[in-house]
Amino acid sequence: MRTKPHLVSFSCLLLFFLFHRLVRSQLPPNITGYNCTANQTTYPCQTYAFYRATAPDFLDLASIGDLFHVSRLMISEPSNISSPSSPLIADQSLFVPITCSCNPTNATFGSLSAANLTYTIKAGDTYYIVSTTNFQNLTTYQSVEVFNPTFVPTQLDIGDKIVFPIFCKCPNETQVQNGVNYLVSYVFQPSDNVSSVASRFGVQTQAITNLNGNNIQPSDTIFIPVNQLPVLSQPEVAPAASPGKTERKGVIVGLAIGLGICGVLLVLFFVVLLHREVLSKRRDMEDAERQKLKFNRPGMGMKGMEVNLMADVSDCLDKYRVFKIEELREATDYFSESCLIQGSVYKGSIHGDIYAIKKMKWNACEELKILQKVNHGNLVKLEGFCIDPEDTNCYLVYEFIENGSLYSWLHESENEKLNWKTRLRIAVDVANGLQYIHEHTRPRVVHKDIKSSNILLDSNMRAKIANFGLAKSGCNAITMHIVGTQGYIAPEYLADGVVSTKMDVFSFGVVLLELISGREAIDQEGKLLQASVNGILDGNEERKVKKVREWMDGRLLEESCSMESVISVTAVAIACLNKDPSRRPSMVDIVYALSKSDDLFFDVSEDGLSAPPVVAR
């Protein structure tokens, strides 16, 4: 029987169609990212990633906030968590805010939609491990390779800064008109189905499949279109059970007896301790005399001091590079004035790398001990140190920050100026650095000398806090030795020597006033800048705008910055300057308040790579 030609053609087309569908159903999920149009007006945008708390490293908001470069408060509020400091349980659901940008990559991949998060490589890290474990498949190792073309994945070093692009999307104009405010990034789990995910987010199943297709596989990042975030159901911390009256009575009696015995033992202990202290002081005095005689012998003094200094910084030897004094002398042309940056800081080149070299006349072990505890993108990085065996000077070698200090940009530069968006970004950078040393170091670190000359700007005009020479590890201490810079010193520290994180908050408030007004913290007549804002925000909105416009930097009036944004930042500054330290906001609150500004959010990208021009000439 002869087959008709048109039936054969039809059969072939049918087979081709079925084969094409089969092949498409077997294709792997999108592994390099999602394409976007660079000129789409909705980019960049704020959105959220759905994240699950995991043991052992991510069971608190502080560690998760560090991973995503946001504060605890910025996670706790959208996640319906009442206390940002409370511990989490495994698999607890969270909404983490991210900034989604359209990033040009190369001709092969085009522009990809992602939130770029910088991650510092640790021992044992690989692109795959960090992508699947830390970021829970919100990105892929293939996409990380695309975003880091200069790095070889198999040759990573500890300390390398790698961009991990978190998959995200911004709603297009049609979606925005239909009421979609966020496209939440969600990693599809093996136990999930589209209906259960839709139910969790309060959306229609069809809305998810329309956006993500029908072939959703486990570990795929999908996008959930929502008008507002659903309220997450969070576990409650059960209160401790109250003991019965009989148990309480027994406890009280036992406690009283125990305290009585402890009191007697303590008295005896202090008598013995006092006796030993007297004997110890006597021995120390005798040893000091012998040591003095020993060091007075020719050629022994400097060598002995050098040994002591090296012993003090021995804990830092494995973390920092120990430079030779000959290297530093050659790098700075023997500390020539031509290499002097300011004060006792010199610019030097060692093997082609540029450094800032700080010459110190005293033992730097305290500063080194603090610096080895901190590692944050908004803090100037210490690269190494040196001890001169001849005069026992200490030298701290820092990364070189190209654009100098904020002070010079605000108060010394006549031809160049900072626009409002750049000033706001600088404020957030400094606030993030302070939040880190206040919240994420144990014991907490107080900088004690926050001022515009200690804030440096890199090539992307991003701010880094410098000079930890006065910093103190530990809070709520009292000192009689008052140090700092006039105009920035908190009143409680000046009056009573109280050292706390709130003194940094006060100084930061003064820096905010400098950014807004363009004026110095203290003028030539000795008037404090903080006094000039008294009553500036009193009255109705019209009066506030008028007063702030008269007071703010005239150079900002030449651009179309939002007065609402300026007034909002002024309010934050005034709150920081409250005479009562307990009524000043924490740096967590400040970061959150500043980050809400529309001027910051929609014009400056988080990675600084696609930010608009920041310097007006």
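Since this is a predicted model, take the numbers as computed values, not measurements.

Peer 1: Tell me about the overall build of the protein chain, and please be specific about residues and values.
Peer 2: Looking only at helices and strands, one finds 20 helices and 21 strands in the protein chain. When each of the 617 residues of the protein chain is scored for burial, the buried share is 45%. For the protein chain, the share of sequence-separated contacts (at least 6 apart) that also reach a separation of at least 24 residues comes to 69%. As presented, the protein chain carries roughly 33,400 Å² of accessible surface, and 55% of it is formed by carbon and sulfur atoms.

Peer 1: Outline the pattern of salt bridges, supporting the account with residue identities and numerical values.
Peer 2: In this structure the tally under the stated criterion is 15 salt bridges. Across the pair lysine 464 and glutamate 399 runs a salt bridge whose closest N-O atoms are separated by 3.8 Å. A residue pair is termed long-range when its members are at least 10 positions apart, and lysine 464 in strand β17 (residues 463-465) and glutamate 399 in strand β13 (residues 394-399) qualify at 65 residues. For lysine 464, a relative accessible area of 12% puts it in the buried group. Assessed through its relative accessible area of 19%, glutamate 399 is described here as buried.

Peer 1: Describe the nonpolar core, naming the residues involved and giving the relevant values.
Peer 2: One finds Phe68, Phe508 and Leu594 to be the most contacted residues of the largest nonpolar core, which totals 114 residues. Those residues in contact with phenylalanine 68 that lie beyond four places of it in its chain are Tyr51, Val96, Ile98, Leu117, Phe135 and Leu138. Phe201, Val203, Ile216 and Leu232 belong to the second-largest nonpolar core, a separate cluster that totals 18 residues.

Peer 1: Give a description of unusual backbone geometry that names residues and reports values.
Peer 2: Proline 56 follows alanine 55 through a cis peptide bond whose omega is 0°. In this fold, proline 56 is placed in the loop between β2 (45-52) and α2 (61-68). Here arginine 442 and proline 443 are connected by a cis peptide whose omega angle stands at -5°. Relative to the helices and strands, proline 443 resides in the loop between α14 (420-439) and β15 (445-446). Its identity is not glycine, yet asparagine 137 carries a phi of approximately 65°, on the positive side. Take asparagine 137: it is sitting in the loop between α4 (127-134) and α5 (141-147). Owing to a relative accessible area of 22%, asparagine 137 belongs among the partly exposed residues under this scheme.

Peer 1: Provide a residue-level description of the pairing of strand β10 (residues 345-350), including the pertinent values.
Peer 2: Taking every second residue as pointing to the same face, the buried face of β10 carries Tyr346, Gly348 and Ile350, while none of Val345, Lys347 and Ser349 on the other face is buried. Two strands pair when backbone bridges link them, and β10 and strand β11 (residues 353-360) are joined in this way by six bridges, in the antiparallel orientation. Each residue of the ladder has a partner; that of tyrosine 346, found in β11, is isoleucine 357. The hairpin turn running from β10 into β11, its antiparallel successor, is two residues long, and histidine 351 in that turn takes a positive phi close to 55°.

Peer 1: Just give me the short version of the packing of aromatic side chains, but keep the residues and values in it.
Peer 2: Evaluated as defined, the whole model comprises 18 aromatic pairs. Taking 5.2 Å as the distance between ring centres and 80° as the angle between the ring planes, the aromatic pair formed by tyrosine 48 and tyrosine 182 counts as edge-to-face. You can see tyrosine 48 sitting in strand β2 and its partner tyrosine 182 sitting in strand β6 (residues 182-187), a full 134 residues away along the chain. Residue tyrosine 182 is classed as partly exposed on the basis of its relative accessible area, which comes to 21%.

Peer 1: Give me α2: which residues, what numbers.
Peer 2: Taking burial as the measure, the eight residues of α2 include seven buried ones, the bulk of the element. Among the residues making up α2, those that are buried are Leu61, Ala62, Ser63, Ile64, Gly65, Leu67 and Phe68. Contacts from the buried residues of α2 go to β2, α3 (72-76), β3 (93-106), β4 (110-120) and α4. The backbone nitrogen of alanine 62 lies 3.1 Å from a side-chain oxygen of the residue at the head of α2, namely aspartate 60. A positive phi of about 60° marks histidine 69, the residue just after α2.

How each quantity is defined
Residue positions are given per chain, counting from 1 as you read along its sequence in written order. It should be noted that, the model being predicted, local features are given only for residues of pLDDT at least 70 and side-chain atom pairs only at 80 or more, the latter also being counted only at that level, while totals for whole chains, interfaces and linings use all residues. To get the side-chain values, all heavy atoms of the structure are used, and hydrogens and water are removed first. In this text, helices come from DSSP runs of H or I with a minimum length of four residues, and strands from runs of E with a minimum of two, each type numbered from the N-terminal end. Exposure classes here rest on a 1.4 Å probe applied to the protein chains alone. A residue is buried below 20% of its type maximum, exposed above 50%, and partly exposed in between. Any two residues whose heavy atoms approach within 4.5 Å are treated as being in contact. Per-residue and other accessible areas were derived by the Shrake-Rupley procedure at a 1.4 Å probe size, with only the shown protein chains allowed to occlude residues. A carboxyl oxygen of Asp or Glu within 4 Å of a side-chain nitrogen of Lys or Arg is what we treat as a salt bridge. By convention a nonpolar core is built from buried Ala, Val, Leu, Ile, Met, Phe, Trp, Tyr and Cys residues, the set being connected through side-chain atoms within 4.5 Å. Strands pair, by our definition, only if DSSP identifies at least two bridges between them. Stacked, edge-to-face and tilted are the three classes for Phe, Tyr and Trp ring pairs, Trp counted by its six-membered ring, which pair at centre distances within 6.5 Å; planes under 30 degrees apart are stacked, over 60 edge-to-face, the rest tilted. Polar contact criterion, stated in full: a pair of N or O atoms within 3.5 Å, where within protein one must be able to donate a hydrogen and the other to accept it, and residues adjacent in sequence count only if both atoms are side-chain atoms.

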